[in-house]
Amino acid sequence: MLFFLALACTDDPAPDSVASDDSVSDDTSAPEATVHHILIEPAGALLTAAGESAELTATAYDAEGNPMDVELSWFTEDPDVEVADGLVTALSDVGSAQVFATAEGVTSPGAFILLADPVEGAVLVPDAAVTDGFQVDDPADWALGWRYGITVSGMDPPEVGEVVLSSGELPIMGRFVSAQGEAWTLELIGPDEAFDDFDIQESMSLANVQPVLDPELQGSHEVIVDQDGTIRVVPLEGGERDFGPYECEVNFSGGSISLGNMQTSLTHDLSFEFDWSLADGFQRMLVLGELELKGEVTATASSAIEGTMSCKADVIKIPVPVAGPISAVARPQVELGDGLDFSGKLQVLDMGVKLEAKAGGAFKAGLDCSTADCDWVADFNPTAEATFTTNS
């Protein structure tokens, strides 16, 4: 499957009324732009004690990605923090929270605020001090103990063995190994080594998270989000892949059929459940919700046809909005793609036809350690239907 965001759009304004002398208004001004999505920067922050604050900024964008000058409101539903005009303040020493900005009925993804007590001597690095990152160990060997590099300006290197943590949104949580000038090498550690206390219990809606198109499809497809939240993956003009992002097996008999590009869409109500504390250990990191994937292919049949087409793809990645030091070890991406099966019989000659299929159902994926054993969960058993129809 796929995933992403919600739009706010309005219909074109009603035309000016016609004057009694039958004159017609010459007002041809374009409709006013509306808020498409809102982003908060930084997307996360670490607060280490009650009373500590961090400054967040939010920007609203229109459908073309242009920033907009609109009035924004801030809110949080978590009791561990308060927020006013982007200034978020810790109300407790340990906990977690999400902070949101909203305008014109559109809400941002939550900025993830971690309230935690770093180990003694930990070095906090602001995002502004980190100018680059670099590879040390092979990414395929990623695990605790994996080494990676950051370039830090304006700060003296820590002592070997000291813990280094991001105070903002960057995924930095490691033990200092060495430095060559401003290039620091770190060794990845878990939060139980980085903090004397932490407690994360969050349920994060993914409804307003910007989807990321599969890199192989960039330049040939685009993602469009409708007003109702439906996400559509649409081939661009001149796209070369007949079935959009899908790899398809086709088996038709009784005649020939010419297939056009596939249009795909997704609706969902996904959320991310995250529960991890020093006292209880890792509990769970699960994506839950309902998904429905639809596909449509236009075709031209030269004779009566009967057959099937099975298509599969991974087309969208959903970056879960976990930011800051904890995201060094827990920043999942939901990679959504699934199969669509088209089958049927069409007794028509030389007519345009349309193949439609949809699959949907309850979705659950992630790691659950809330019982005695940790289990990888991957549950999606969709109901499906497919039709062949003539184009009207």
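The structure presented is a predicted model; accordingly, all values stated were derived computationally and were not measured. (Residues numbered from 1 in each chain as written. Predicted model: local features only at pLDDT ≥ 70, side-chain atom pairs only at ≥ 80, totals over all residues. Heavy atoms only, no water.)

## Side note on the overall build of the chain
Inference 1: In terms of helices and strands, the chain carries 1 helix and 34 strands.
Inference 2: Within the chain, the proportion of its 392 residues that are buried is 45%.
Inference 3: Carbon together with sulfur atoms contributes 45% to the accessible area of the chain, which is approximately 19400 Å² in total. (Helix = DSSP H or I, 4+ residues; strand = E, 2+ residues; numbered from the N terminus. Buried < 20%, exposed > 50% of the residue type's maximum accessible area, 1.4 Å probe, protein only. Areas by Shrake-Rupley, 256 points an atom, 1.4 Å probe, with all protein chains shown as cover.)

## Here's the deal with the side chain of S327
Inference 1: Position of S327 relative to the elements: it lies in the loop between strand 29 (316–319) and strand 30 (333–336).
Inference 2: A relative accessible area of 5% places S327 in the buried class.
Inference 3: Sequence-distant contacts of S327, defined by excluding residues within four places in its chain, comprise E169, L170, P171 and V322. (Contact = heavy atoms within 4.5 Å.)

## Examining unusual backbone geometry
Inference 1: Here the amide bond leading from E41 into P42 is cis, since omega sits at -10°, within 30 degrees of zero.
Inference 2: Within the element layout of this structure, P42 appears in the loop between strand 1 (37–41) and strand 2 (44–47).
Inference 3: Even without being a glycine, D85 presents a positive backbone phi close to 50°.
Inference 4: Inspection of the secondary structure assignment puts D85 in the loop between strand 7 (81–84) and strand 8 (87–90).
Inference 5: By relative accessible area, which is 69% here, D85 ends up exposed.
Inference 6: At E104, a residue that is not glycine, the phi angle is positive and equals roughly 55°.
Inference 7: On the secondary structure map, E104 appears in the loop between strand 9 (95–103) and strand 10 (106–107).

## Let's talk about the nonpolar core
Inference 1: In this structure, F195, F272 and F274 are the most contacted members of the largest nonpolar core, which totals 50 residues.
Inference 2: The element contributing the most residues to this core is strand 27 (residues 281–301), with 4 residues.
Inference 3: Formed by 23 residues, the second largest nonpolar core is a distinct cluster that contains L47, L56, A58 and V81. (Core = buried A, V, L, I, M, F, W, Y, C linked by side-chain atoms within 4.5 Å.)

## Concerning the packing of aromatic side chains
Inference 1: In total, this model carries 8 aromatic pairs according to the counting rule given.
Inference 2: Aromatic pair W146 and Y148: ring centres 5.6 Å apart, planes at 20°, arrangement stacked.
Inference 3: Judged by its relative accessible area of 16%, W146 falls in the buried class.
Inference 4: Following the ring pairs from residue to residue traces out a cluster consisting of F195, F198, F272, F274, W276 and F282. (Phe/Tyr/Trp six-rings, centres within 6.5 Å; stacked < 30°, edge-to-face > 60°.)

## A short note on the sheet that holds strand 7
Inference 1: Strand order in the open sheet made by the 3 strands is 3-8-7, with antiparallel pairing throughout. This sheet does not close on itself; its edge strands, each paired only once, are strand 3 (53–55) and strand 7. Between one strand and the next, the sheet's axes are offset by a mean angle of 20°, whatever the strand orientation.
Inference 2: With 4 bridges connecting them, strand 7 and strand 8 associate as antiparallel partners. Bridging across to strand 8, V81 finds its partner in A90. (Pairing = 2+ DSSP bridges. Axes fitted to C-alpha atoms, helices over the stretch in contact; angles between N-to-C directions.)

## Section: the environment of T264
Inference 1: Inspection of the secondary structure assignment puts T264 in strand 25 (residues 257–268).
Inference 2: Residue classification places T264 among the buried positions, given a relative accessible area of 2%.
Inference 3: A sequence separation of 31 residues divides T264 from V233, and the C-alpha atoms of the two residues are 5.4 Å apart.

## Some words on the pairing of strand 26 (residues 271–277)
Inference 1: For strand 26, a buried count of 6 out of 7 residues is recorded, marking the element as mostly surrounded by other parts of the structure.
Inference 2: Relative to strand 26, strand 20 (residues 199–205) runs antiparallel, the two sharing 7 bridges. Note that in strand 26 the partner of I200 across the bridge is W276.

## Things to note about the pairing of strand 16 (residues 163–166)
Inference 1: Of the two faces of strand 16, both are covered, the one formed by V163 and L165 as well as the one formed by V164 and S166.
Inference 2: Judged from the 3 bridges that link them, strand 13 (residues 123–125) and strand 16 form a sheet pairing that is parallel. Each residue of the ladder has a partner; that of V125, found in strand 16, is S166.
Inference 3: Between strand 16 and strand 17 (residues 173–180), which pair antiparallel and follow one another directly, the connecting turn spans 6 residues.

## Re the environment of D199
Inference 1: One can find D199 in strand 20.
Inference 2: Distance from D199 to D275, taken between C-alpha atoms, is 7.9 Å for residues 76 residues apart in sequence.
Inference 3: Beyond its immediate sequence surroundings of up to four residues, D199 is in contact with V94, G95, S96, W276 and S277.
Inference 4: A polar contact is formed between the side chain of D199 and the side chain of Q201, at a distance of 3.3 Å. (Polar contact = N/O pair within 3.5 Å; in protein donor to acceptor, adjacent residues only side chain to side chain.)

## Some points on the sheet that holds strand 14 (residues 130–135)
Inference 1: The mixed open sheet is built from 6 strands, whose spatial order is 13-16-17-18-15-14. A strand with exactly one partner marks an edge of an open sheet, and here the two such strands are strand 13 and strand 14. Each adjacent strand pair in this sheet contributes to an overall mean axis angle of 40°, direction not counted.

## Some details on the pattern of salt bridges
Inference 1: Under the definition given, this model contains 3 salt bridges.
Inference 2: Its salt-bridge partner being R175, residue E193 comes within 3.1 Å of it at the nearest N-O pair. Here E193 is found in helix 1 (residues 191–194), whereas its partner R175 is found in strand 17, with 18 residues between them in sequence.
Inference 3: Linking R284 and E273 is a salt bridge whose minimum nitrogen-to-oxygen distance equals 3.7 Å. On the criterion of sequence distance, the pair formed by R284 in strand 27 and E273 in strand 26 is long-range, its members being 11 residues apart. (Salt bridge = Lys/Arg side-chain N within 4 Å of Asp/Glu carboxyl O.)

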